[in-house]
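# Breakdown of the fold
Here are the chains, one letter per residue:
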Amino acid sequence: MSDDHVYLSLAEDHEDSDARWAFGTGFEDPLHGVSTAVPDGVDTAELAASCLALGDDALVSAQRLAEWTTRAPELEEEVALANIGLDLLGQARLLYARCGQVDGTGRGEDAYAYFRDAGDFRNVRLAELPGGDFAFCVARLLVLSSWRLAHFQHLATTADPVLAAVAAKGVKELTYHRQYAAEWVVRLGDGTDESHRRMRAGLERVMPYVGELFAAHDARTEVDAVLRQVTGAAGLPLPQATPLPGSGRAGEHTEHLAPLLAELQSVARAHPGATW
């Protein structure tokens, strides 16, 4: 393995690793033929909470990635970031739909996305931080996609057939998300003095929020291995940071989430019940 191609090695265990996944490329329904009945022994409250949190992570991350439209360094990267955001939006829709089926409310995906306030969201705080520069964008994407991929690999065998199907589809998408981010971390870290400085600063800004990812689901060993591999190939130190107090999973967010949601939800709230 060449250090310059470290991101390719990250997908060696996936038979679909050569594919470049993007929203809408397959058009297959991941839930086709999957029973929506909750299996015996599955805690519906726990299942709903898991779907809600993972859906919120995806929705908020997608909104932040959408902010790179017209702002990315190159047109190709703008398209790539938009497609990654659309993948995450697709995951959010499926997760919100499942949440509404099992939490007793019967709510649809729009209710979760558009008609909750910031304190009701359960996303990790790393997802809601404002964009910064491109180096921060790919540093955050590397961490979040590595963690989400490891988590979805475990969820693909969970007892709930709907969540398992959503996770199995997501593994293919997240494998590409992680590859894309790793490629850019290596390219910037091993580039010019300025790109190296910015990439290092991006990682340092991300790391205080990483501990929150492992509060409920232990994928730290897998994620740490990926981060060490990528930063080593990039010639970057892996920053060690004291985790910040608080938890987005408990509804404790930064001051940045409310303005993000205000923009995201503005049209739906101005025209409640409208169809397009």
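It should be emphasised that the depicted structure is a prediction, and the values quoted were computed from it without experimental measurement.

### Side note on the overall build of the chain
In terms of regular secondary structure, the chain is built from 9 helices and 0 strands. Looking at the 276 residues of the chain, the share that counts as buried comes to 49%. Across the chain, the fraction of contacts at a sequence separation of at least 24, relative to all contacts at a separation of at least 6, is 82%. When the accessible surface of the chain is summed, it comes to about 12,900 Å², and 52% of that surface belongs to carbon and sulfur atoms.

### Quick word on the pattern of salt bridges
With the rule as written, the count across this model stands at 14 salt bridges. In this structure, the salt-bridge partner of Asp-133 is Arg-198, at a minimum N-O distance of 3.6 Å. Taken together, the positions of Asp-133 in the loop between α4 (109-114) and α5 (134-155) and Arg-198 in helix α7 (residues 193-206) put the pair 65 residues apart, joining distant regions of the chain. We classify Arg-198 as partly exposed; its relative accessible area is 39%.

### Things to note about the packing of helix α6 (residues 161-189) against α7
Running from amino to carboxyl end, α6 crosses α7 at an angle of 130°, the nearest separation of the two axes being 7 Å. One finds that α6 runs oblique with respect to α7. Judged by residue contacts, Trp-184, Val-185, Leu-188 and Gly-189 of α6 engage Ser-195, His-196 and Met-199 from α7. Looking at the contact of α6 with α7 residue by residue, the classes come out as 4 nonpolar, 3 polar and no charged.

### Notes on the confidence of the model for the chain
Averaged over all residues, the pLDDT of the chain equals 89, while 88% of them reach at least 70. Between residues 14-26, whose pLDDT stays under 50, and residues either more than four places distant or in other chains, the model counts 20 contacts.

### Description of unusual backbone geometry
Where the residue is not glycine, phi is negative for most of them; where a peptide bond is considered, it is trans in most cases. In this structure, Thr-70 is a non-glycine residue whose phi angle is positive, near 75°. Mapping Thr-70 onto the fold places it in the loop between α2 (44-66) and α3 (75-102).

What counts and how
Residues numbered from 1 in each chain as written. Predicted model: local features only at pLDDT ≥ 70, side-chain atom pairs only at ≥ 80, totals over all residues. Heavy atoms only, no water. Helix = DSSP H or I, 4+ residues; strand = E, 2+ residues; numbered from the N terminus. Buried < 20%, exposed > 50% of the residue type's maximum accessible area, 1.4 Å probe, protein only. Contact = heavy atoms within 4.5 Å. Areas by Shrake-Rupley, 256 points an atom, 1.4 Å probe, with all protein chains shown as cover. Salt bridge = Lys/Arg side-chain N within 4 Å of Asp/Glu carboxyl O. Axes fitted to C-alpha atoms, helices over the stretch in contact; angles between N-to-C directions. Parallel < 35°, antiparallel > 145°, perpendicular 65-115°, else oblique. Nonpolar A, V, L, I, M, F, W, Y, C, P; charged D, E, K, R; others polar. pLDDT = per-residue confidence, 0-100.

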